[in-house]
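So the chains spell out like this:
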Amino acid sequence: MRVPPGAMTSIAAALLAAMPLSLAATPAPKAPAPLSGSPRPVKLPKIHDTMLPNGLLVRVVEDHRLPLVNMTLVLPFGTTSDPAGLPGICQVTADLLEEGTTSRTSRQIADELAAIGGSLTASAGPDSVTVSGSVLSEFVPRLASLLADEILNPSFPQAEVALRKANMKQELAQNRAQPAWLARQRFAGAVYGSSPYARTSPTDASIDAMERGAIAEFHRKMFVPGAAILVVVGDVEEAAALAEITAKLGSWKGGSVAAPRFPDPPAASARRILLVDRPGSVQSDIVVGTLGIRRTDPLYFPALMLDGVVGAGTASRLFLVLREEKGFTYDAHSEFRTRLRSGDWCAVTEVRTDVTKPALAEILKQLDRVRNETVDPSELTAAKTLATGIFTLQLERPAALSGLLAEQRFFGLPADELETYVAKIGAVTPEQVRDAAKSLCDTSRSAIVVVGDGEKVRAELESFGPVAVFDAEGNPKAAAH
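Residue positions are given per chain, counting from 1 as you read along its sequence in written order. Local features in this predicted model are restricted to residues of pLDDT 70 or higher, and side-chain atom pairs are both shown and tallied only at a pLDDT of 80 or more, whereas totals for entire chains, interfaces and linings draw on every residue. The side-chain figures draw on all heavy atoms in the structure; neither hydrogens nor water molecules are used.

## Remarks on the overall build of the protein chain
And step 1. Tallying secondary structure elements over the protein chain gives 17 helices and 13 strands in all.
And step 2. Relative to the globule expectation of 23 Å for 481 residues, the C-alpha radius of gyration of the protein chain, 23 Å, shows essentially globular dimensions.
And step 3. Across its three principal directions, the C-alpha atoms of the protein chain cover 65 × 55 × 40 Å.
And step 4. Out of the 481 residues belonging to the protein chain, those deemed buried represent 55%.
And step 5. When contacts within the protein chain are restricted to residue pairs at least 6 apart in sequence, those whose partners lie at least 24 apart make up 81%. Helix and strand assignments follow DSSP, with helices taken as H or I runs no shorter than four residues and strands as E runs no shorter than two, numbered in order from the N terminus. Each radius of gyration is computed over the set of C-alpha atoms, and the globule rule expresses the reference value as 2.2 Å times the number of residues to the power 0.38. When accessible area is computed with a 1.4 Å probe and restricted to protein chains, residues below 20% of their type maximum are described as buried, those above 50% as exposed, and intermediate ones as partly exposed. Whether two residues touch is decided by their heavy atoms; if any such pair falls within 4.5 Å, the residues are in contact.

## Some remarks on a nonpolar patch on the surface
And step 1. A surface patch of nonpolar side chains, amounting to about 250 Å² of accessible area, comprises Leu66, Leu68 and Leu136.
And step 2. With respect to the helices, strands and loops of the structure, leucine 68 is situated in strand 3 (residues 68–75).
And step 3. Judged by its relative accessible area of 36%, leucine 68 is partly exposed. Residues forming no salt bridge and having over 30% relative accessible area are the ones grouped into patches, like charges within 9 Å of each other and nonpolar side chains (Val, Leu, Ile, Met, Phe, Trp, Tyr) within 5 Å. Here the open area of atoms and residues is found with the Shrake-Rupley method and a 1.4 Å probe, where only the protein chains shown may cover a residue. Salt bridge, as applied in this entry: a Lys or Arg side-chain nitrogen positioned within 4 Å of an Asp or Glu carboxyl oxygen.

## Thoughts on the sheet that holds strand 6 (residues 229–234)
And step 1. Any two strands with at least two DSSP bridges between them are considered paired. A sheet is described by the order of its strands in space; here six strands give the open sequence 1-2-6-3-5-4, paired in mixed fashion. The sheet is open, and its two edges are formed by strand 1 (47–51) and strand 4 (119–124), each paired on a single side. Direction aside, neighbouring strands of the sheet carry axes that sit 15° apart on average.
And step 2. Of the strands in this sheet, strand 1, strand 2 (57–62), strand 3, strand 5 (129–136) and strand 6 touch helix 14 (residues 398–410), which is tilted by about 145° from strand 6. Each axis is a line fitted through C-alpha atoms, and for a helix only the stretch in contact is used; angles between axes span 0 to 180 degrees, taken between their N-to-C directions.

## Points about the pattern of salt bridges
And step 1. Taken as a whole and assessed by the stated rule, the structure comprises 31 salt bridges.
And step 2. With a closest N to O distance of 3.1 Å, aspartate 95 and arginine 164 form a salt bridge. Placement of aspartate 95 in helix 2 (residues 89–96) and of arginine 164 in helix 5 (residues 158–176) is noted, with a sequence separation of 69 residues between them. In this structure, aspartate 95 and arginine 164 share a single accessibility class: buried.
And step 3. Glutamate 217 is the salt-bridge partner of arginine 220, the closest N and O atoms lying 2.6 Å from each other. Remark: glutamate 217 and arginine 220 occur in helix 8 (residues 212–222); sequence separation between them is three residues, near one turn of the helix.
And step 4. Taken together, the shared-partner salt bridges in this structure form one network comprising Arg104, Glu112, Arg142 and Asp149.

## Observations concerning helix 5
And step 1. In this analysis, the expected span of each helix is defined as 1.5 Å times one less than the number of residues it contains. Taking 1.5 Å of rise per residue, the 19 residues of helix 5 would be expected to cover 27 Å, and the 27 Å separating its terminal C-alpha atoms lies within 8% of that figure.
And step 2. By the burial criterion, the buried members of helix 5 are Val161, Arg164, Lys165, Met168 and Leu172. Buried positions in helix 5, seen along its axis, are confined to an arc of 100° and lie on one side of it. Pointing more than 90 degrees away from the buried face of helix 5 are the exposed residues Ala159 and Gln174.
And step 3. Taken together, the buried residues of helix 5 touch helix 2, helix 6 (179–192), helix 7 (204–209) and helix 8. In this description, one arc is meant: the one made by directions from the helix axis to the C-beta atoms.

## Overview of unusual backbone geometry
And step 1. Notably, phenylalanine 156 is not glycine yet its phi reads approximately 45°, a positive angle.
And step 2. A relative accessible area of 2% means that phenylalanine 156 is categorised as buried.
And step 3. Here the phi dihedral of alanine 227 falls at roughly 70°; this positive angle occurs in a residue that is not glycine.
And step 4. Looking at where alanine 227 falls in the secondary structure, it is placed in the loop between helix 8 and strand 6.

## Side note on the side chain of glutamate 335
And step 1. Positionally, glutamate 335 belongs in strand 9 (residues 332–338).
And step 2. Looking at glutamate 335, its side chain comes within polar contact range of the side chain of arginine 184, at 2.5 Å. Nitrogen and oxygen atoms within 3.5 Å of one another constitute a polar contact, given that in protein one can donate a hydrogen and the other can accept it, and given that sequence-neighbouring residues count only through two side-chain atoms.

## A closer look at the confidence of the model for the protein chain
And step 1. Chain-level statistics for the protein chain give a pLDDT mean of 91 and a share of 91% at 70 or above.
And step 2. Long-range and interchain partners of residues 1–35, a stretch whose pLDDT sits below 50, account for 80 contacts in this model, where long-range means more than four residues apart. A residue's pLDDT is the predictor's confidence in that residue, given on a scale from 0 to 100.

## Some thoughts on the pairing of strand 9
And step 1. In terms of burial, strand 9 is a largely internal element, six of the seven residues being buried.
And step 2. If you look at the hairpin formed by strand 9 and strand 10 (residues 343–352), you'll find four residues sitting between the two strands.

## Overview of the environment of aspartate 82
And step 1. Mapped onto the fold, aspartate 82 is located in the loop between strand 3 and helix 2.
And step 2. The exposure class of aspartate 82 is buried, given its relative accessible area of 8%.
And step 3. Taking the C-alpha atoms as reference, aspartate 82 lies 37 Å from alanine 239; in sequence the two are 157 residues apart.
And step 4. The contacts of aspartate 82, once residues within four sequence positions are left out, are Pro87, Gly88, Ile89, Cys90 and Arg199.
And step 5. There is a polar contact of 2.8 Å between the side chain of aspartate 82 and the backbone nitrogen of glycine 88.

So this is what it looks like as structure tokens:
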């Protein structure tokens, strides 16, 4: 990502916060105050939807409170569309969009963004690629021109491809030295099995195989307008914005991308304990979770509140018990991810090696508790307050609102999803949270991943069940017994 001086440092991070509509992996904010009354109804400005002849859906929302505009383009494919043998190529292709086009060098793109005080970045997730930029409203035509140029005419300069590959090798090596990354990688493999959702990174072999020609071919096949969504939010007039987008992207050709075909991840039938051995490690990173739900699942809002009660924020059970009461850790939280075709939920913490066993026992105790007991109304109220507050704040930011509007169409959610979101949160009952917990917090089918010093923690982990041991490269070190 290239960011001019003074510009927002991470539009991608802002969109990441907006897109999942969840409390997942949210750093713990201060404990929310109880609701003082019914939340105010959400009323969005009018959404102007236009389908261009090439299949690109353009959504424009006028918001004239500030002289800012965000454009977010969402393409309906992601890392699950990586060809066999080339995991990571979707992300690399997105990364290289800003590294030069047939008419601009990467330096010229950066200089133009700096001149208008704007930002433009691209990223790839499991199900979609997002290209998003923000700018003062007077510079909308120039931002639209840059976005269109990067999408339609990337040149993938050989020198930039070589540099990106070298950087990827370094990033991969650095990630393998991070226990938190190792834990999530192993957890994804455990819950998603052979599904493409299990792939969380490229490999050394796939990086070597990513030649410029393969990247250019992936772009040619996948970066097409059919089923793509472009959302424009901010200080624009609908007609002018649509005319600008039509002028810049109306000639974009290529049809639609076929959705990747792969079986749904299988549900686990038993608990699995996976130990990633890091000799000498002074802490254990612990992830406990299961396969979850799709964003469109009717259980979504009860699951969101379950996530809030158990692990989102400083009022959640994991934080209060593992950190405040037991003193095992600085942070304990849960992560709730919904995908187009699946999802997962997990509890996450990092503890001193000597408290690995009691910390894991406490996590399992809390998950069993939320499955077997109805949550206290005050806990549910706190979770609702936090979720409602996060969502409402997102609506105030053009970039975040763009992400939410794209998500609503991308997942095929009801047209009034954003306006009824708060009400749906408010309608969740303690009994529904318990029902969600029965699906997501079944410790008898959980994947338990621990990254730590195997010599010191393996015997303790075996008290919870058979343990399979791996090295940091993912190679088995010992069979479960």
